[in-house]
Amino acid sequence: MTVQFSQGFSNQCPWVNLKGYSLYYIWQGHPADVGEKHFYQLKSKPDPEKVEVMSACWDGYAGSYQLSAEGSLILTRFHYFLPNGLGESDALLEELHGDFYLEFRTHFEGDQLYVPFADGKVTVDQEQWVEVKRAYVNLKTDKNGFSTWFNRFIPSRLVK
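Residues numbered from 1 in each chain as written. Predicted model: local features only at pLDDT ≥ 70, side-chain atom pairs only at ≥ 80, totals over all residues. Heavy atoms only, no water.

J.: Before we go on, may I ask you to explain the overall build of the protein chain in this structure?
T.: Looking only at helices and strands, the protein chain has 1 helix and 10 strands in total. Element order for the protein chain, N to C, with α for helix and β for strand: β-β-β-β-β-β-β-β-β-β-α. The buried share among the 160 residues of the protein chain stands at 37%. Partitioning the contacts of the protein chain with sequence separation of at least 6, the portion at a separation of at least 24 is 50%. Here the protein chain has roughly 10300 Å² of accessible surface; of this, 52% comes from carbon and sulfur atoms. (Helix = DSSP H or I, 4+ residues; strand = E, 2+ residues; numbered from the N terminus. Buried < 20%, exposed > 50% of the residue type's maximum accessible area, 1.4 Å probe, protein only. Contact = heavy atoms within 4.5 Å. Areas by Shrake-Rupley, 256 points an atom, 1.4 Å probe, with all protein chains shown as cover.)

J.: Teacher, can you tell me more about the pattern of salt bridges here?
T.: This model, assessed by the stated rule, comprises 5 salt bridges. With a shortest N-O distance of 3.4 Å, Glu88 and Lys50 are connected by a salt bridge. Placement of the pair is Glu88 in strand β6 (residues 85-95) and Lys50 in the loop between β3 (38-39) and β4 (61-67), with a sequence separation of 38 residues. The salt bridge partner of Arg105 is Glu103, with a shortest N-O separation of 2.6 Å. (Salt bridge = Lys/Arg side-chain N within 4 Å of Asp/Glu carboxyl O.)

J.: I'm lost on the packing of aromatic side chains in this one. Help?
T.: Each aromatic ring pair is summarised here by two numbers: the centre-to-centre distance and the angle between the ring planes. A complete count under the given rule lists 10 aromatic pairs for this structure. For the ring pair Tyr40 and Phe100, a centre distance of 5.1 Å and an interplane angle of 65 degrees mean the geometry is edge-to-face. Note that Tyr40 is positioned in the loop between β3 and β4 and Phe100 in strand β7 (residues 100-105), a separation of 60 residues in sequence. By the ring-pair criterion, three or more aromatic residues cluster together here, those being Tyr24, Tyr25, Trp27, Phe39 and Phe108. One Lys or Arg, Arg105, reaches over the ring of Tyr24 and ends 5.5 Å from the middle of that ring. (Phe/Tyr/Trp six-rings, centres within 6.5 Å; stacked < 30°, edge-to-face > 60°. Lys NZ or Arg CZ within 6 Å of the ring centre and 35° of its normal.)

J.: I keep staring at the confidence of the model for the protein chain and nothing clicks. Help me out?
T.: When pLDDT is low, close inspection of the predicted coordinates is not appropriate. Mean pLDDT over the protein chain stands at 84; residues scoring 70 or higher make up 80%. Confidence, read as mean pLDDT per element, is least for helix α1 (residues 146-153) in the protein chain (44) and greatest for strand β9 (residues 121-122) (98). The model gives residues 147-160 a pLDDT under 50, and that stretch makes 6 contacts with residues more than four places away or in other chains. (pLDDT = per-residue confidence, 0-100.)

J.: What is the right way to look at the pairing of strand β2 (residues 22-28) in this model?
T.: Of all 7 residues making up β2, 5 are buried, and the element is well covered by its neighbours. In this structure, β2 lies alongside β7, joined through 5 bridges in antiparallel fashion. Across the sheet, residue Ser22 finds its bridge partner in β7, namely Arg105. Pairing geometry for β2 and β3, over 2 bridges, is antiparallel. Across the sheet, residue Gln28 finds its bridge partner in β3, namely His38. (Pairing = 2+ DSSP bridges.)

J.: Please explain the layout of surface pockets as it appears in this structure.
T.: Here the idea is plain: a probe the size of a water molecule rolls over the atoms and shows the empty space left. By volume, the largest pocket is sized at about 580 Å³. Taken together, 25 residues form the lining of the largest pocket, with Gln7, Tyr25, Phe39, Asp59 and Tyr61 sitting closest to its centre. For the lining of the largest pocket, the secondary structure elements donating two or more residues are β2, β4 and β7. (1 Å grid on protein atoms, 1.4 Å probe; cavity = no way out; pocket = protein on both sides within 12 Å on 5 of 7 lines; lining within 4 Å. Points joined across faces, edges and corners; volume = space filled by probe spheres on them.)

Structural data, given as structure tokens:
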């Protein structure tokens, strides 16, 4: 799978520290709930004339969000991509409302951190945040046979 672009995110809220994380998704529903999760439905819509779907950006655009000093989340921009990099952007000003979770990651396939919002405000009590650590397989020290299987199908010159 191609690594996906993260969303833009700036933090003005003094009670929240998200250093080392990038914003990827905004979900409605608790991360541990069984069943399909739903993306937060923004009122603002991207300009279909500017959307260019590519393997690193399935939507063809990315949002930029700002966590305000008061703890509200504001969509400030849609960024559109060209085959050679960043293209145009549209300035916006949409405050998100209701209950939702921001999904942050250390990188696309990295550890996840779900930060809840209630009535449109960030929950600063980190006991309510949900952290998901990803399991990593070290191909050189793996004892359960995965590395043997992996090495049969993936040439060693591709694994460093």
